[in-house]
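An overview of the molecular structure
Here's the letter readout for the chains.
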Amino acid sequence: AAMMAAAAARRGRLGREGRASLCSFLLGASVAALPLLLGSSPALLAGPGLRGRLALALHVAGVNAALLLLYPRPLYKIAVRACFLGFAFGCGLLLSAGRSAWRHFGWYMCSLSLFHYSEYLVTAINNPRSLSLDSFLLNHSFEYNLAALSSWVEFTLEKLFFPELKQITWLSTVGLLMVIFGDCLRKAAMLTAGSNFNHIVQNEKSDTHTLVTSGVYGWFRHPSYVGWFYWSIGTQVLLCNPICVVGYALASWRFFRERIEEEEITLIHFFGEEYLEYKRKVPSGLPFIKGVKLEL
């Protein structure tokens, strides 16, 4: 996230919303420094006792007070969301650094929070006109939130009844690699598309809208969806959630099949034969999804 922000700053493209979000994310993530300040190990926050929890509560209260003083209400709404994601990332780092049974869940917390924050940051860099609170994708859909809740419930229950299932480090490492690959591919797609990328499928073609076929778009027609697909499944492999691995794979596949068909109808309307030729040459990138079917 810091690298993307630095690149944007050099080009003068990171506006005040992006700067506020980055500062707030880092402020929230500073929770990872609490063990150093308290002279304790990272396990302090995952272990028994009230000291770690009290430190967390004081950190949250202090950071929120700072945000209220620093930013007017419109920016505060951005800042508090970015700070929350930074706080989750910092807590994930603490869990990851410890040797508790929640270590892999810490990896997951880092992956989830960084994914959502980087969605906002890259949008701030690429397409600030479309930037909004929805760019965090925190309220993506009821189904998305239900899926996340289901994965937490499965992890917790299986950790209680089958604790050894949650300690398969090699499998969690495979999941983490899937997460990193998927998120990097998605962000590469967003950065390559530039202002052409939007979280909402566009029904009207703007004057600056062009067909992007270079970079990762030369590998797949829908690299951002491919990245998200493998990122979402990877989070469940990371958590060693066998039920949600299957559920996420099926639900994501169905969602992207419908989303790609809808989007390709619009792209054919926008670009006509140019897109049809591109569609013939480049695969969608998702298994068994060929996109909208037309008589060519």
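Residues numbered from 1 in each chain as written. Predicted model: local features only at pLDDT ≥ 70, side-chain atom pairs only at ≥ 80, totals over all residues. Heavy atoms only, no water.

**Brief notes about the packing of helix α2 (residues 16-29) against helix α4 (residues 51-70)**
Where α2 contacts α4, the two axes come as close as 10 Å, and the packing angle between them is 160 degrees. Between α2 and α4, the angle is such that the two are roughly antiparallel. Helix-helix and strand crossings are classified by hand; for α2 and α4 the assignment is right-handed. Contact with α2, carried on its side by S24, L27 and G28, involves H59, V63, A66 and L67 of α4 and no other residues of that element. Class assignment for the residues of the contact of α2 with α4 results in four nonpolar, three polar and no charged. (Axes fitted to C-alpha atoms, helices over the stretch in contact; angles between N-to-C directions. Helix = DSSP H or I, 4+ residues; strand = E, 2+ residues; numbered from the N terminus. Parallel < 35°, antiparallel > 145°, perpendicular 65-115°, else oblique. Left-handed = near helix turned anticlockwise from the far one by under 90°. Contact = heavy atoms within 4.5 Å. Nonpolar A, V, L, I, M, F, W, Y, C, P; charged D, E, K, R; others polar.)

**Comments concerning the UniProt feature "transmembrane region" (unreviewed entry) in the protein chain**
Summarizing the sequence annotation, UniProt attributes the feature "transmembrane region" (unreviewed entry) to residues 55-71, 78-99 and 228-251 in the numbering used throughout. Overall, residues 78-99 shows 91% helix and 0% strand. The separation of its end C-alpha atoms is 34 Å. Taken end to end, residues 228-251 comprises 88% helix and 0% strand; its first and last C-alpha atoms sit 12 Å apart. (UniProt positions renumbered as here; feature names shortened; annotations may be inferred.)

**A short note on a nonpolar patch on the surface**
Together, F142, L146, L149, W152, V153, L157, L160, F161 and F162 make up an exposed nonpolar region whose accessible area comes to about 960 Å². Mapped onto the fold, L146 is located in helix α7 (residues 142-161). Exposure remark for L146: the relative accessible area of 42% places this residue in the partly exposed category. (Patch = residues over 30% accessible without salt bridge, like charges linked within 9 Å, V, L, I, M, F, W, Y side chains within 5 Å. Areas by Shrake-Rupley, 256 points an atom, 1.4 Å probe, with all protein chains shown as cover. Salt bridge = Lys/Arg side-chain N within 4 Å of Asp/Glu carboxyl O. Buried < 20%, exposed > 50% of the residue type's maximum accessible area, 1.4 Å probe, protein only.)

**Considerations on the side chain of S135**
Relative to the helices and strands, S135 is located in the loop between α6 (103-126) and α7. For S135, a relative accessible area of 2% gives the class buried. Contacts of S135, omitting those with residues within four sequence positions, involve H116, E119, Y120, T123, S130 and H199.

**Digging into the pattern of salt bridges**
Within the structure shown, the criterion is met by eleven salt bridges. The partner of E158 in a salt bridge is K166, and the shortest N-O contact between them spans 2.6 Å. Note on K166: relative accessible area 1%, which makes it buried. R254 is paired through a salt bridge with E258; the nearest N and O atoms lie 3.6 Å apart. Here R254 pairs with E258, and both are found in helix α10 (residues 242-271), just four residues apart, close to one helical turn. Under the relative-accessibility criterion, R254 is labelled exposed at 53%. In the salt-bridge network here, residues are joined through shared partners; they are E119, D183, R186 and K187.

**Quick look at the nonpolar core**
Within the largest apolar cluster, 50 residues are counted, with the highest numbers of intra-cluster contacts made by Y217, W228, W231, Y275 and L286. Elements with a contribution of two residues or more to this core: α4, α5 (73-97), α6, α7, α8 (169-193), α9 (223-238), α10 and α11 (273-281). Examining the composition of this core, we find that eight residues originate from one element, α9, more than from any other. Two domains each put at least three residues into this core: domain 1 (1-139) and domain 2 (141-291). Non-local contacts of Y217, meaning those with residues more than four positions away in its chain, are made with A189, T192, A193, F197, V212, P223, Y278 and V282. With 24 residues, the next largest nonpolar core counts L67, F89, A124 and F136 among its residues. (Core = buried A, V, L, I, M, F, W, Y, C linked by side-chain atoms within 4.5 Å. Domains from an automatic or database assignment.)

**Side note on the confidence of the model for the protein chain**
Of all residues in the protein chain, 91% attain a pLDDT of 70 or more, and the chain-wide mean is 89. The secondary-structure element of the protein chain with the lowest mean pLDDT is helix α1 (residues 2-10), recorded at 52, while α9 shows the highest, at 98. (pLDDT = per-residue confidence, 0-100.)

**What to know about the packing of α2 against α6**
At a minimum axis separation of 9 Å, α2 and α6 run at an interaxial angle of 155 degrees. It follows from the interaxial angle that α2 and α6 lie roughly antiparallel. The two elements α2 and α6 meet at a crossing, and its hand is left-handed. Between α2 and α6, the contacting residues are E17, G18, S21, L22 and F25 on the first element and L114, Y117, Y120, L121 and A124 on the second. Here the residues of the contact of α2 with α6 sort into seven nonpolar, two polar and one charged.

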